[in-house]
Amino acid sequence: MAKGKDPIFGIGRLDEELSGIPARKGVLFFASPAVGNEVFGYQLIQNNLIHNNKVLLYLNRASPKAYLADMKEYDFITNDNLSMIDSYSGITGINSSDGSIGRMIKNPYDKEEIKKAITDELEKDYDLIVIDSLSLIADFFDFDFALSIVDLINNKIKNSDSSAVFLFTDWNYGEDNVDKLISKVNARVDIKGIEKRVIFGQYFAVIKCDWVIGKKFTSVLFKSVKPGGIKIYFPKILVTGPTDAGKTSFIHSASKDAISVDRLGGTIALDHGNVDFKGYKADLFGTPGQERFDPLLKLLGGEAVGVILIIDSTKPTQFPRAIEMLRKTETYGLPIVVVANKANMPGALGIDEVRDKLHLEKEAPLIQTVAENVENIDPNKPAKLKKEGIEAALSALFEELT
Amino acid sequence: MIKTGISSFDDSVGGIDLRKTYLLSGNKESNKEDFIYRAVTSALQSKVAVVYVTTGKPVSDVLSEFSSKHLNIAQYLGTSLKLIDVYSRSITPQAGDNNYTKMLNGPLDLTGLSVALSAMNADMSKEGIPVLNIIDSLSVLLLYNNPTTMYRFLQFVCGRAKMAGISSVFLIDNEMHAPDVNETIKSLMDAVISLKMEGGKRTFKVSGNAKEVLDWKDI
């Protein structure tokens, strides 16, 4: 009997969608050759080790030391709960494993030795078995042998409390082979690139999962970040609204590294910041509010995937301008969150009044924000907005986007 | 056309065509490295971005060899010249990336190589300048991976490079591999540049290019 909890993906979005990896289930990470899946493996292993799950890693893609060094670059540190079957060092003839972390396959070209090593290790109680990589097994031998390894592991986990994850890159092995493989796993997560001439983005998507019924899964953009690992990524979020509503304050409060092109506290070109929040990563682009800069609005709105519209709760006369700015940025139809800033200032409208005057639908997210130290605000510098409002706005937008 | 800086080659062939994949084939004595080092230097001087993949020696050795031939490329490192080191981690597992080198885990990690090439090509293509990929060499990858795996890999990376408008040159020591392997790899390329040394002279020929040189010609 395995000792830990049910394994998890360690990637927030997958755990939210699939509630981890139940016992006796096999998951296939199915990557295209131009998009790596190794970081999914690192993050999965790291998070299960932290959760006190015992993990067995069959490794044929790198030496154990190189693998651990690579994990470390993402700030993923392993512990005694990790064991490895080293099926790499015997190929290069360089034994880079000191033997303390598992066993080494002496002849990685010997199918029987590989099967025996896996079979022997499976007798021990692991919570999670990770194969990195299944496609290299197919490359080394043949696809049928790779399928037989999947069967071997499936048979074991079906009779225990273990789960398994297979990392696989689809190097054009043929539809029949791939179909057979997919039929043998309980869940499949595709990892692919968004490409025109070159790949300019990456996404993952749950294509199949037999333990979650009746749910529609969406594709999720991500970046692999060192350190940190998989970060859900939205390329561009536009922050717009009338002059002095608090766009710059919002971006500076939401980001650690925001910059502004401004003059005497007024934005004259753009604000930019990076947001790293609950596993989601986003670029915030803020527009100037003054009408003389309106020609920039369309440019700044291009390729945005979501909008935060900032309004000053004390200035309802600016609300038509806010709506005009949405039109000029050509972002109608994108997910939007309205931030009613300065909500605690004298004369500020309440949430229902703001909603009414902006003609917002009842379901449209509307978040109130306030500054931290109203009495100390320097009009030439961005004010620091309270964390609660910032986080509520970001949560609402990310929920809309996903 | 990307000029190689080798006048006899550039005069006869014009240089390396954009969007084309070349196999640079020859044995150890043919001195493929000298040909490619000069071509890389010439490309960089002509504002072409270069991704250099080294599979059989560390990046530090590659840079030393450029230097020993008085080919000054240091100024391009990290900007228009980036390298992928497939070798070093086999010897030093902890070897880490720097601003001009991406370390891969070893010659079996063809997926890692494909991903790294793709990422560097994407970054460089955004600059709107021509890009040249050099893979030095396929022979080391063929020592560790079976030929079918290599054909799949080559088909993918060549296809992607062409789609992105990128030129690629793959070096191979043809005498290390069986004739059928050499022939299959040739068939995956647009053109083949063959080098050899004979009678104390280094010569080349080119087939599959718009301008071919079918008789051995002095470099």
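Bear in mind that the values here come from a model prediction, so they are computed numbers and not experimental data.

Thresholds, definitions, all that
- Residues numbered from 1 in each chain as written.
- Chains lettered and ligands numbered in written order.
- Predicted model: local features only at pLDDT ≥ 70, side-chain atom pairs only at ≥ 80, totals over all residues.
- Heavy atoms only, no water.
- Helix = DSSP H or I, 4+ residues; strand = E, 2+ residues; numbered from the N terminus.
- Buried < 20%, exposed > 50% of the residue type's maximum accessible area, 1.4 Å probe, protein only.
- Contact = heavy atoms within 4.5 Å.
- Buried area = accessible area lost by both parts, 1.4 Å probe.
- Salt bridge = Lys/Arg side-chain N within 4 Å of Asp/Glu carboxyl O.
- Polar contact = N/O pair within 3.5 Å; in protein donor to acceptor, adjacent residues only side chain to side chain.
- Nonpolar A, V, L, I, M, F, W, Y, C, P; charged D, E, K, R; others polar.
- 1 Å grid on protein atoms, 1.4 Å probe; cavity = no way out; pocket = protein on both sides within 12 Å on 5 of 7 lines; lining within 4 Å.
- Points joined across faces, edges and corners; volume = space filled by probe spheres on them.
- Pairing = 2+ DSSP bridges.
- Axes fitted to C-alpha atoms, helices over the stretch in contact; angles between N-to-C directions.

Q: How do you make sense of the environment of Phe204 of chain A when you look at a structure like this?
A: Within the element layout of this structure, Phe204 of chain A appears in strand β8 (residues 199–209). Residue class for Phe204 of chain A comes out buried when judged on its relative accessible area of 2%.

Q: What am I meant to see in the interface of chain A and chain B here?
A: How big an interface is tends to be stated in terms of the accessible area lost upon association of its parts. With 32 residues of chain A at the contact, the number on the chain B side is 32 residues. In total, chain A and chain B occlude about 2,700 Å² of area from one another, counting both sides; carbon and sulfur atoms represent 53% of this. Taking the shortest distance from any N to any O, the salt bridge between Asp109 of chain B and Arg61 of chain A comes out at 3.5 Å. Between the two partners, chain A and chain B, sit nine residue pairs in polar contact (both at pLDDT 80 or more). Those elements that place two or more of their residues in the side of chain A that touches chain B are α3 (64–73), α4 (89–92) and α6 (134–140) of chain A. Residues belonging to the side of chain A that touches chain B are distributed by class as follows: 16 nonpolar, seven polar and nine charged.

Q: Any chance you could explain empty space enclosed by the protein here in plain terms?
A: Empty space among the atoms can be located by rolling a probe the size of a water molecule over them. Residue and element names in this part refer to chain B. Summed over all chains, the structure comprises four cavities of 30 Å³ or more. Approximately 140 Å³ is the volume attributed to the largest cavity. Together, 15 residues line the largest cavity, and Ser118, Asn121, Val157, Arg160 and Ala161 are the ones closest to its centre. Listed by contribution, the elements that provide at least two residues to the lining of the largest cavity are α5 (110–125), β5 (131–136), α7 (147–163) and β6 (167–172). In terms of residue class, the lining of the largest cavity is built from nine nonpolar, five polar and one charged.

Q: Explain the sheet that holds strand β8 (residues 201–207) of chain B to me, please; I cannot follow it from the model alone.
A: Neighbouring strands of a sheet are bound in pairs by backbone hydrogen bonds; such pairs are parallel or else antiparallel. All names here are of chain B. Reading across from one edge, β4-β3-β2-β5-β6-β1-β7-β8-β9 is the order of the nine strands in this open sheet, with mixed pairing throughout. Each having just a single partner strand, β4 (101–103) and β9 (213–218) make up the two edges of the open sheet. Averaged over all adjacent pairs, the angle separating strand axes in this sheet is 15°, with direction ignored. Sitting on the sheet, helix α2 (residues 32–45) is in contact with β1 (21–25), β2 (49–54), β3 (81–85), β5, β6 and β7 (191–198), with an inclination near 155° to β2.

Q: For this particular structure, what's the right way to read the pattern of salt bridges?
A: Any two side chains of opposite charge can pair, given that their charged atoms come close. Counted under the stated rule, the structure contains 35 salt bridges over all chains. For Arg61 of chain A, the salt bridge identified is with Asp132 of chain A, shortest N-O distance 3.0 Å. Highlighted residues: Arg61 of chain A in the loop between β2 (55–59) and α3 and Asp132 of chain A in strand β5 (residues 128–132), separated in sequence by 71 residues. Of the charged contacts, one joins Lys192 of chain A and Asp190 of chain A as a salt bridge, the two residues approaching to 3.6 Å between their closest N and O atoms. Residue class for Lys192 of chain A comes out partly exposed when judged on its relative accessible area of 27%. Here Asp190 of chain A falls in the buried class, since its relative accessible area comes to 4%. Among the charged side chains, a network of salt bridges with common partners joins Asp70, Glu73 and Lys226 of chain A together with Arg89, Asp97 and Lys102 of chain B.

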